[in-house]
Amino acid sequence: MCTVSFVRVHDAVIITSNRDEHIQRENAAAPGFHQLQNKKFIFPKDARAGGTWFAAGDNGVIAVLLNGAFKKHTVTPPYRKSRGLILLEIIEADEPLGFFKTISLDNIEPFTIVLHQPGLLHELRWDGNDKHEKALDIANNYIWSSSTLYTDQVIEYRKNLFDRFIHSADGITAATVHDFHASNNGDAENGFVISRQTGMKTFSITQAVVQNNAVNFSHADLLQGKRYSETMLINHTAIKI
């Protein structure tokens, strides 16, 4: 939930996320299938609030959460609801984008959500006062870094590393994107896999690949050294844009 990339390779969409948390936070439950509003989803479940930072549906909708919006904010708990639960409410809606526009986010901590729908990509932000929605070109490649963990300078540095990877890689695949997310460039503070003196650490890398009418979902638990993978067929009758 602190580094997210979107990569388009021919007929495949590759969405990858690194989850950075404090080592005192409970580890999430392994990814599993869940039925929400008559739709099938797969996601790892946060042990604290029951939400998630990465969910994929059998309608081809994928939503990924990052902490913070445009800049680092002051944390003022208690909040009304976990951002991970807000993500589930958005992704299970028949029209996720429309739901985001109408949902009340009062007393919800700022966040960014990368929302993929078949043929569409949006960046949704809540800064604590206002919502911001931005349509993105689904033919391009993007990377996001959480504003709560990385300065503007570091965010730009990480983007430059990503751009260099995209333009220099000899054949981009889901595996090479995963390897990119698993690197830290010798920088435990601001690399893609962090291990900071403050106790902030990269817990996991989660990836969804949409291709050939299916979502291939993988999750690498870096703390326990475990990997999970599932394939979910896309139900085209469930797709609503």
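If you're wondering where the values come from, they're calculated on a predicted model, not measured in any experiment. (Residues numbered from 1 in each chain as written. Predicted model: local features only at pLDDT ≥ 70, side-chain atom pairs only at ≥ 80, totals over all residues. Heavy atoms only, no water.)

Alternating positions in strand 5 (residues 54-57) separate into two faces, Phe-54 and Ala-56 on one and Ala-55 and Gly-57 on the other, with burial throughout. Of the strand pairs in this sheet, strand 4 (residues 39-45) and strand 5 are connected by 2 bridges, and their pairing is antiparallel. Directly across from Phe-41, in strand 5, lies its bridge partner Gly-57. Connecting strand 5 to the antiparallel partner strand 6 (residues 62-67) that follows it, the hairpin turn spans 4 residues, and Gly-60 within it adopts a positive phi of roughly 85°. (Buried < 20%, exposed > 50% of the residue type's maximum accessible area, 1.4 Å probe, protein only. Helix = DSSP H or I, 4+ residues; strand = E, 2+ residues; numbered from the N terminus. Pairing = 2+ DSSP bridges.)

On to the environment of Phe-6. With respect to the helices and strands, Phe-6 occurs in strand 1 (residues 3-9). Its relative accessible area of 0% is what places Phe-6 among the buried residues. Distance from Phe-6 to Val-75, taken between C-alpha atoms, is 28 Å for residues 69 residues apart in sequence. With near-sequence residues (within four places) excluded, Phe-6 lies in contact with Val-13, Ile-14, Ile-15, His-116, Leu-121, Ile-138, Asn-140, Asn-141, Tyr-142, Trp-144 and Phe-162. (Contact = heavy atoms within 4.5 Å.)

So, on to the pattern of salt bridges. Enumeration according to the criterion identifies 12 salt bridges in this entry. One salt bridge in this structure joins Arg-19 and Glu-21, with 3.8 Å as the shortest N-O distance. Neither Arg-19 nor Glu-21 differs from the other in exposure class; each is buried. Taking the shortest distance from any N to any O, the salt bridge between Glu-109 and Arg-83 comes out at 3.4 Å. With Glu-109 in the loop between helix 2 (96-102) and strand 7 (111-117) and Arg-83 in helix 1 (residues 83-92), this residue pair connects regions lying 26 residues apart in the sequence. Residue classification places Glu-109 among the buried positions, given a relative accessible area of 12%. (Salt bridge = Lys/Arg side-chain N within 4 Å of Asp/Glu carboxyl O.)

Before going further, it helps to examine the nonpolar core. The biggest cluster of nonpolar side chains holds 53 residues, and the ones touching the most others in it are Phe-111 and Ile-113. In contact with Ile-113, other than residues within four places in its own chain, are Ala-63, Val-64, Leu-65, Leu-87, Ile-90, His-122, Glu-123 and Leu-124. Core analysis: the next-biggest nonpolar cluster, separate from the first, contains 14 residues, Ala-12, Ile-14, Leu-161 and Val-209 among them. (Core = buried A, V, L, I, M, F, W, Y, C linked by side-chain atoms within 4.5 Å.)

Turning our attention to the environment of Ser-195. Within the fold, Ser-195 resides in the loop between helix 4 (174-181) and strand 11 (200-211). Note on Ser-195: relative accessible area 37%, which makes it partly exposed. Along the backbone, Ser-195 and Pro-31 are 164 residues apart, and their C-alpha atoms lie at a distance of 23 Å. Every residue in contact with Ser-195, bar those within four places of it in the chain, is listed here: Ala-188, Met-200 and Lys-201. Within polar-contact distance, the side chain of Ser-195 engages the side chain of Lys-201 at 3.3 Å. (Polar contact = N/O pair within 3.5 Å; in protein donor to acceptor, adjacent residues only side chain to side chain.)

With that settled, the discussion passes to helix 1. The buried fraction of helix 1 is high, at 8 of 10 residues. Along helix 1, the residues classified as buried are Arg-83, Gly-84, Ile-86, Leu-87, Leu-88, Ile-90, Ile-91 and Glu-92. Buried residues along helix 1 sit in contact with strand 3 (29-36), strand 4, strand 5, strand 6, helix 2 and strand 7.

Our next topic: the sheet that holds strand 1. Spatially, 10-1-2-11-12-13 is the arrangement adopted by the 6 strands of the open sheet, whose pairing is antiparallel. Of all the strands in the sheet, the pair left with one neighbour each is strand 10 (142-145) and strand 13 (226-233). Going from strand to strand, the sheet's axes swing by 10° on average, the running direction of each strand aside. Packing against the sheet, helix 3 (residues 152-168) makes contact with strand 1 and strand 10, and its axis sits at approximately 155° to strand 10. (Axes fitted to C-alpha atoms, helices over the stretch in contact; angles between N-to-C directions.)

Our focus in this paragraph is unusual backbone geometry. With an omega of 5°, the peptide bond running from Pro-77 to Pro-78 counts as cis. Tracing the sequence through the fold places Pro-78 in the loop between strand 6 and helix 1. Positive phi, close to 55°, is recorded for His-10, a residue that is not glycine. Considering the arrangement of structural elements, one finds His-10 in the loop between strand 1 and strand 2 (12-22). The exposed category is assigned to His-10, whose relative accessible area is 75%. Positioned with a positive phi, Asn-213 is a non-glycine residue whose angle comes to about 60°.

In short, geometric facts, not functional conclusions.
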